Amino acid sequence: TPPFPRYTRAEVAQHRTPADRVWVTYGTDVFDVTEFVELHPGGPDKILLAAGGALEPFWALYAVHSEPHVLELLREYKVGELSPEEAAPPPGDSADPFAGDPPRHPALRVNSAKPFNAEPPPELLTQSFLTPNELFFTRNHLPVPAVDAASYRLRVEGPGGRALSLSLAELRRRFPKHEVTATLQCAGNRRSEMSRVRPVKGLAWDIGAISTARWGGARLRDVLLAAGVRDSTENGEWHVCFEGLDADASGTPYGASIPLKRALSADAEVLLAYEMNGRELPRDHGFPVRVVVPGVVGARSVKWLRSVAVSPEESPSHWQQNDYKGFCPSVDWDSVDFGAAPAIQELPVQSAITEPRPGAAVPAGELTVKGYAWSGGGREVVRV
Ligand code: HEM
Ligand code: MTE
């Protein structure tokens with residue numbers, strides 16, 4: 001083997017397109033895979049997602065690559081090695097409230113870094129029915145709290161001052177584990193397209209603020225019944241309020257609520273989830289426990305769950321009262337009255353094409369079109 005030239009990661013990062021040559025790293029080796037891009041069995045668009053950076057985070061998600069013939073093929077394209085002084089990234093700034101946020105997958109399209117809001121690229125969203133945890137869209141309003149699983153307690157307040165305090169082990173042991181495959185979608189999904197019709201305030205989400213996982217945890221219904229909540233029609237108009245462990249500078253936590261009727265419904269399958277696609281919840285998605293409300297706007301699936309309380313009123317949280325509300329088309333920022341508008345719960349039908357992307361050049365002839373369709377409301381898709 002010849003002595004290879006040394007490159008820094010910054011130099012590798014300059015090679016992201018076929019015009020600038022497509023470079024990637026694997027371990028400490030640098031490869032120029034420009035000539036392989038069009039030959040890639042997974043498609044040129046997917047290989048380009050890793051251009052200018054490391055292959056490992058991508059190959060960890062697509063196990064087809066963990067075969068000797070793939071590494072052999074890659075070896076043909078070696079052009080250099082990373083400089084030995086390419087050390088770990090500098091330590092975070094301790095004054096930055098987001099310094100403790102977890103590392104993220106490089107494929108995520110970041111709409112806001114602090115707080116972290118990001119979506120998977122469309123062509124990876126429909127690569128698999130369940131979205132890999134690393135690619136699941138992330139919607140954070142605040143810094144990610146650091147939660148110690150051993151000392152974690154979930155407070156559950158029932159009626160008449162009765163309360164439970166559950167450790168993670170108790171939540172797992174006392175209640176049967178229930179699994180649900182459910183899609184979460186943020187109310188802002190596709191806002192960038194809406195804004196082309198009429199400008200809308202908020203993060204410019206593309207079509208990826210939606211993802212699907214297999215969730216495992218205790219049924220909220222079981223936990224509420226254990227806390228003394230009665231399954232009766234007397235409290236038909238009541239609500240279940242959730243609070244997260246993430247808080248703003250004044251100490252006010254994220255919060256939201258759902259109707260008690262939904263929380264107690266066996267069909268609605270509302271979970272206090274501690275597993276996501278067979279693994280413990282990742283920090284960005286609510287470690288160690290989050291709410292999952294199938295069919296309902298993502299905002300009610302409170303992450304890093306600190307407390308659950310039954311109440312005659314909806315959650316007093318800003319995010320229940322002054323955000324995530326439904327308006328008629330004539331309302332604008334001068335006439336808006338958040339107090340008079342209903343909080344969004346169920347979301348309507350949604351569907352989008354993920355491949356090919358708008359404006360893409362496609363070969364003549366037969367074309368495979370991919371996309372997603374979601375019924376909203378926690379119901380099954382009947383037809384597309
Ligand atoms: C499939 C090589 C980068 C996603 C494959 C296969 C090879 C390959 C040889 C076929 C494996 C088999 O069936 O035996 C490479 C090389 C890469 C690269 C050399 C980098 C230089 C990527 C990246 C992604 C990706 C960055 C994801 C973002 C896929 C997928 C398939 C695949 C999804 C399966 C296609 C299908 O059957 O649907 N790749 N790959 N690859 N690759 Fe890659
Ligand atoms: N829970 C807490 N504690 N803090 C948050 O910022 N964001 C909500 C919800 N739960 C949020 C939260 C919103 S608006 C959405 S769309 C979903 O979490 C996103 O869940 P995900 O990041 O796991 O995709």
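Residues numbered from 1 in each chain as written. Chains lettered and ligands numbered in written order. Predicted model: local features only at pLDDT ≥ 70, side-chain atom pairs only at ≥ 80, totals over all residues. Heavy atoms only, no water.

Asks: What am I meant to see in the site of ligand 1 here?
Replies: Around ligand 1, 21 residues are found, and the nearest of them are H40, K46, H65, H69 and Q127. The separation between a nitrogen atom of ligand 1 and a polar side-chain atom of H65 is 2.8 Å. Put simply, the parts of the chain that give the shell around ligand 1 at least two residues each are α2 (44-48), α3 (56-59) and α4 (68-75). For the shell around ligand 1, the element with the most residues is α4, which contributes 4 residues. Considering only residue class, the shell around ligand 1 consists of 15 nonpolar, 5 polar and 1 charged. (Near = heavy atom within 4 Å. Polar contact = N/O pair within 3.5 Å; in protein donor to acceptor, adjacent residues only side chain to side chain. Helix = DSSP H or I, 4+ residues; strand = E, 2+ residues; numbered from the N terminus. Nonpolar A, V, L, I, M, F, W, Y, C, P; charged D, E, K, R; others polar.)

Asks: Is there a simple way to think about the pairing of strand β15 (residues 271-276) in this case?
Replies: The side chains of a regular strand alternate between the sheet's two faces. Counted residue by residue, β15 has 6 buried out of 6 residues, so it is predominantly covered. In this structure, strand β12 (residues 210-219) lies alongside β15, joined through 5 bridges in antiparallel fashion. Paired with A218 across the bridge in β15 is L272. Here 3 bridges tie β15 to strand β17 (residues 290-292), and the two strands are oriented antiparallel to one another. Each residue of the ladder has a partner; that of A273, found in β17, is R290. Here β15 folds back onto strand β16 (residues 279-280), and the loop between the two strands holds 2 residues, one of which, N277, carries a positive phi near 50°. (Buried < 20%, exposed > 50% of the residue type's maximum accessible area, 1.4 Å probe, protein only. Pairing = 2+ DSSP bridges.)

Asks: Any chance you could explain the sheet that holds strand β6 (residues 109-112) here in plain terms?
Replies: Taken in spatial order, the 3 strands of this open sheet run β6-β7-β8, and their pairing is antiparallel. Each edge of the open sheet carries a strand with a single partner, namely β6 and β8 (138-139).

Asks: Got a minute to help me understand the domain arrangement of the chain in this structure?
Replies: One widely used convention gives an interface's size as the accessible area the parts lose upon coming together. The domains assigned to the chain are domain 1 (6-82) and domain 2 (103-384). For domain 1 versus domain 2, the separation of C-alpha centres amounts to 35 Å. In this complex, domain 1 contributes 7 residues to the contact, which on the side of domain 2 involves 12 residues. Summing both sides of the interface, domain 1 and domain 2 together bury roughly 870 Å²; the carbon and sulfur share of this comes to 71%. Interface area lost by domain 1 to domain 2 is led by L49, L61 and Y62, which between them contribute 54%. Here domain 1 is connected to domain 2 by 0 salt bridges. Remark: the boundary between domain 1 and domain 2 carries 2 residue pairs in polar contact (both at pLDDT 80 or more). Residue assignment for the side of domain 1 that touches domain 2 shows that the elements contributing at least two residues are α2 and α3. Split into classes, the residues belonging to the side of domain 1 that touches domain 2 amount to 5 nonpolar, no polar and 2 charged. (Domains from an automatic or database assignment. Contact = heavy atoms within 4.5 Å. Buried area = accessible area lost by both parts, 1.4 Å probe. Salt bridge = Lys/Arg side-chain N within 4 Å of Asp/Glu carboxyl O.)

Asks: Mind showing me how you'd approach the side chain of H65 here?
Replies: Looking at where H65 falls in the secondary structure, it is placed in the loop between α3 and α4. A polar atom in the side chain of H65 sits 2.8 Å from the backbone oxygen of Y62. If we ignore the near neighbours within four places in the chain, the residues touching H65 are H40, W59 and V70.

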